Amino acid sequence: MPPPIIHPCLHLEVLPETFYVKQYSPAGEVPPDALSELNVTKARSGIFSVTRTADEISVVGEAHGDGGDWRCIKIAGPMEFELTGVIANFSTPLKDAKIPVFAISTWNTDYVLIPKGKMTEAISALGADGWQFTENLGCDGIVDAMGT
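Residues numbered from 1 in each chain as written. Predicted model: local features only at pLDDT ≥ 70, side-chain atom pairs only at ≥ 80, totals over all residues. Heavy atoms only, no water.

Caption draft 1: Just the pairing of strand β5 (residues 70-75), in detail. The buried fraction of β5 is high, at five of six residues. Bridging between strand β1 (residues 12-14) and β5 involves three bridges; their strand directions are antiparallel. From the neighbouring strand, Val 14 faces β5, where its bridge partner is Ile 73. Pairing of β5 with strand β7 (residues 110-115) involves five bridges; the strand directions are antiparallel. Following the sheet pairing, Ile 73 is matched in β7 by Val 112. (Buried < 20%, exposed > 50% of the residue type's maximum accessible area, 1.4 Å probe, protein only. Helix = DSSP H or I, 4+ residues; strand = E, 2+ residues; numbered from the N terminus. Pairing = 2+ DSSP bridges.)

See the structure below:
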């Protein structure tokens, strides 16, 4: 099924940073370094997420240097909250290409982490499915995902 890509809010951007994903036991406290990253006065631009459930604490953040194992594709956004099927449509070509994902949703958009060694394959799979990549957040300069 083709993705709903007719609107620029659904175009994709590959972020330049690498990211880490860490899992902690739910029995413990949220790690102090994660709490300090959430402090607005110390916050860097970029993505930082802490999610706590009954089963785990997951922390995602920008890696320093080349230490991250993940890259990130941002769906441009902002999207209407009632819009449905975006992650399902986005992840289908990646599933078909056997590329794992780690998705983070916010009110405005979605960020999907891809293992950094699989990013070229992910761009190719999404491009073949009709998704378009931008060169910046303003959704200007749409480029073909195959680089042509």
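Caption draft 2: Region of the structure containing the nonpolar core. Counting 19 residues, the largest nonpolar core has Leu 12, Ile 73, Phe 90, Leu 94, Ile 114 and Leu 126 as its most contacted members. Looking at this core, the element that brings in the most residues is helix α3 (residues 119-128), giving five residues. Leaving out residues up to four positions away in the same chain, Ile 73 has contacts with Leu 12, Glu 13, Val 14, Phe 90, Asp 110, Tyr 111, Val 112, Ile 114, Met 119, Leu 126 and Phe 133. Judged by nonpolar contacts, the second largest core, of nine residues, contains Phe 19, Trp 70, Tyr 111 and Leu 113. (Core = buried A, V, L, I, M, F, W, Y, C linked by side-chain atoms within 4.5 Å. Contact = heavy atoms within 4.5 Å.)

Caption draft 3: Fine view of helix α2 (residues 86-96). By the burial criterion, the buried members of α2 are Val 86, Asn 89, Phe 90, Pro 93 and Leu 94. Seen from one end, α2 has its buried residues packed into an arc of 135 degrees, which puts them on one side. Opposite the packed face of α2, turned more than 90 degrees from it, sit the exposed residues Lys 95 and Asp 96. Where α2 is buried, its residues contact β1, β5, β7 and α3. In the segment just after α2, Lys 98 is the residue with positive phi, at about 60 degrees. (Arc of directions from axis to C-beta.)

Caption draft 4: Broad picture of the pattern of salt bridges. This model, assessed by the stated rule, comprises one salt bridge. Of the charged contacts in the structure, one is a salt bridge between Lys 95 and Asp 96, with a shortest N-O distance of 3.2 Å. Each member of the pair, Lys 95 as well as Asp 96, carries the same accessibility label: exposed. (Salt bridge = Lys/Arg side-chain N within 4 Å of Asp/Glu carboxyl O.)

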